[in-house]
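Spelled out, the chains give:
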Amino acid sequence: NKAQSLMAEGKADQALAVLTRYSEKKGKEVHFYIDFLTGFCHTELGQTGAAAAAFQRTVEKQPDLSAAWLNLARCRYEKGEMAEAARAFEKGYDTSEEKKAIHLFYAAACDFQAGRPDAALTLFERLMAAHPEAVTLEWKQTLVNILFALEKYREALPWLEELAKETTGDSRRQWQEML
């Protein structure tokens, strides 16, 4: 409670000190929510590595806590750990009560950045099946890049045609040239 009050006052450093003292007393038997708050404090203080470790402990203790998975995903992304970020975004999506398309998109984009276009395409196909109305032109650009990486040019063609028609300026010219 004290740590939460300090967080509400914008005193993440003091809240972290309270949580650290408590955790040291309890050892490994700390409740998952203490780990979660610790991760949040580290995030507020710009300590991505420590935040990731705390969120990892949280999901190990409470694997269905979507917020912890999504925070872990963001930390992994910021650390450049794209494959791990992709898995965490996907787990965050899977454990969420409210399924948000953006989380599947982030998972796909991270897999693509990790050099895993097959996994990225699988996630993108899942995204398109579950949330077709949410897919933006920018997301479709990522899909085309994934398909090109897999040399699936025929599958990319309808998306290329749409991008060449719907985008504007330099972006339109780029897609028209690619088409």
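Definitions and cut-offs
- Residues numbered from 1 in each chain as written.
- Predicted model: local features only at pLDDT ≥ 70, side-chain atom pairs only at ≥ 80, totals over all residues.
- Heavy atoms only, no water.
- Salt bridge = Lys/Arg side-chain N within 4 Å of Asp/Glu carboxyl O.
- Helix = DSSP H or I, 4+ residues; strand = E, 2+ residues; numbered from the N terminus.
- Buried < 20%, exposed > 50% of the residue type's maximum accessible area, 1.4 Å probe, protein only.
- Axes fitted to C-alpha atoms, helices over the stretch in contact; angles between N-to-C directions.
- Parallel < 35°, antiparallel > 145°, perpendicular 65-115°, else oblique.
- Left-handed = near helix turned anticlockwise from the far one by under 90°.
- Contact = heavy atoms within 4.5 Å.
- Nonpolar A, V, L, I, M, F, W, Y, C, P; charged D, E, K, R; others polar.

A.B. asks: Describe the pattern of salt bridges, listing the residues and the values that go with them.
C.D. replies: All chains considered together, the criterion is met by 13 salt bridges. A salt bridge links Lys140 to Glu162; the nearest nitrogen and oxygen atoms lie 2.6 Å apart. Of the two residues, Lys140 is situated in helix 9 (residues 137-149) and Glu162 in helix 10 (residues 153-166); the sequence distance between them amounts to 22 residues. By relative accessible area, which is 12% here, Lys140 ends up buried. Among the charged side chains, a network of salt bridges with common partners joins Arg87, Glu90, Asp94, Asp111, Arg116 and Arg126.

A.B. asks: With reference to specific residues and values, describe the packing of helix 9 against helix 11 (residues 169-178).
C.D. replies: Where helix 9 contacts helix 11, the two axes come as close as 13 Å, and the packing angle between them is 30°. As judged from the angle between their axes, helix 9 and helix 11 are roughly parallel. Seen from above, helix 9 lies across helix 11 with left-handed handedness. Residues Gln141, Val144, Asn145 and Phe148 of helix 9 lie in contact with helix 11, whose contacting residues are Ser171, Trp175 and Met178. For the contact of helix 9 with helix 11, the per-class residue count stands at four nonpolar, three polar and no charged.

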